[in-house]
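Chain residues, written in single-letter form:
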Amino acid sequence: MSLGSPLIRYWYNPSPDMVGDTVEAFLQEMAGATLIHIPGRDRSRKRAICTLLHGNEPSGTRGVFRFIKEGIEPAVDLLCFFGSVRTALHEPMFFYRHLPEHRDLNRCFRPPFEGDQGRLAKAILDILEEMAPEALLEDIHNTSGMGPSFAVCMKQDAEHEALTSLFTQRMLVTGLRLGALFEYSERNVPTVTIECGGAQDPHADNIAFEGILRYATEEDVLTPQPADWGLEVLREPVRLELREDAAITYSEAEDVYADITLPPDVEHHNFGRISTDVQLGWVKPESWDKLIINTPDGVDVKDRILRLEGNRLYPAQALKMFMITSNATIAKSDCLFYAVTDDGSHLE
Ligand SMILES: [Zn+2]
């Protein structure tokens, strides 16, 4: 079979003894971006998983490795993409989200597909188009700290709910377009992103493996089951982004040299209800403009999310926040957190 890409190694049906004894050996065997194709009982259908888009998020790779090691036959053909293999292999292993000289691979799945990461993203999209899987898991991500699992998707319908329920009971629906692979669902292939928890959390590895097992072995993964009814759905979150010149610090007390200071344990707010009297951190009043919260349509809703009293930062209304990061680099290059209103009202 021709895959039309020298950028991705194609590895058909590796046996359990061919993938090494450890995840590290498995990655060394791959050496670079790889597609592992595992034939299923029904050869007429395929499902895809694209994992390791971020080199410091091992749970998806560990899950597929365990699946292969256990010699399990999937229900349909399984296509497993591993994106940032070289990044993960870079010492210390599973340390870099992306190498300093590279862009974030999961922001490259849209034109102009420039640079090494852009070309790899384009190659993955081309193969998906050619192989036409019936569903896609855009990665099984890990969060930087500890956090509960959830799924992210662009559409809320029965198929996306069914895919989500293979892994978790929490689903975010967002129309945000950032060049992430989960935007593949716009091609009418049900696509979900899974966030399975912290990179160092063994519980996250179990969520990843159990979900992959269900995704790979169930006859039908696109019809909701009665157990799916408990799904919590959070719609249209907004992101707090920081202006390029913003200085952020994590500290128990306000850092007078920083524009924004957050406590080191700020991740504890993940998915909890945060009332308006909970202080989130500190912002210098003259730095307020360096905080940006817009809807996907570009409407500024910052004053509906956050409120400054002197230099103390509070929610402007009761919120649910998630993917709060305590990593200053991610906060600046991506976003500091996502939020929805606690009553589910629209931010427009
Ligand atoms: Zn990730």
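In what follows, the accompanying structure is described. (Residues numbered from 1 in each chain as written. Predicted model: local features only at pLDDT ≥ 70, side-chain atom pairs only at ≥ 80, totals over all residues. Heavy atoms only, no water.)

Once that is clear, we can look at the overall build of the protein chain. When helices and strands are tallied, the protein chain shows 8 helices and 19 strands. Here the C-alpha coordinates of the protein chain stretch approximately 65 × 45 × 35 Å along the principal axes. When burial is assessed residue by residue, the protein chain has 55% of its 348 residues classed as buried. The long-range fraction of contacts in the protein chain, counting pairs at least 24 apart against all pairs at least 6 apart in sequence, stands at 74%. For the protein chain, the computed accessible surface area is about 14,700 Å², with 49% contributed by carbon and sulfur atoms. On the protein chain, the mean spot of the 33 positive side-chain charges and the mean spot of the 55 negative ones are 2 Å from each other. (Helix = DSSP H or I, 4+ residues; strand = E, 2+ residues; numbered from the N terminus. Buried < 20%, exposed > 50% of the residue type's maximum accessible area, 1.4 Å probe, protein only. Contact = heavy atoms within 4.5 Å. Areas by Shrake-Rupley, 256 points an atom, 1.4 Å probe, with all protein chains shown as cover. Lys, Arg positive; Asp, Glu negative; His and termini not counted. Charge placed at Lys NZ, Arg CZ, Asp CG, Glu CD.)

It is worth spelling out the environment of cysteine 108 at this point. The residue cysteine 108 is located in the loop between α3 (85–89) and α4 (115–131) in this model. Cysteine 108 sits in the buried class, given a relative accessible area of 1%. Counting along the chain gives 11 residues from cysteine 108 to arginine 119, while the straight-line C-alpha distance between them is 8.5 Å. Leave out the neighbours within four places in its chain, and cysteine 108 touches Arg103, Phe113, Gln117, Gly118, Ala121 and Gly179.

This paragraph deals with the layout of surface pockets. Its volume calculated, the largest pocket comes out at about 1,100 Å³. What lines the largest pocket is a set of 49 residues, among which His54, Glu57, Arg97, Ile330 and Asp334 lie closest to the centre. Secondary-structure elements contributing two or more residues to the lining of the largest pocket are β5 (136–143), β6 (150–153), β8 (191–198) and α8 (328–333). The element best represented in the lining of the largest pocket is β5, accounting for 4 residues. (1 Å grid on protein atoms, 1.4 Å probe; cavity = no way out; pocket = protein on both sides within 12 Å on 5 of 7 lines; lining within 4 Å. Points joined across faces, edges and corners; volume = space filled by probe spheres on them.)

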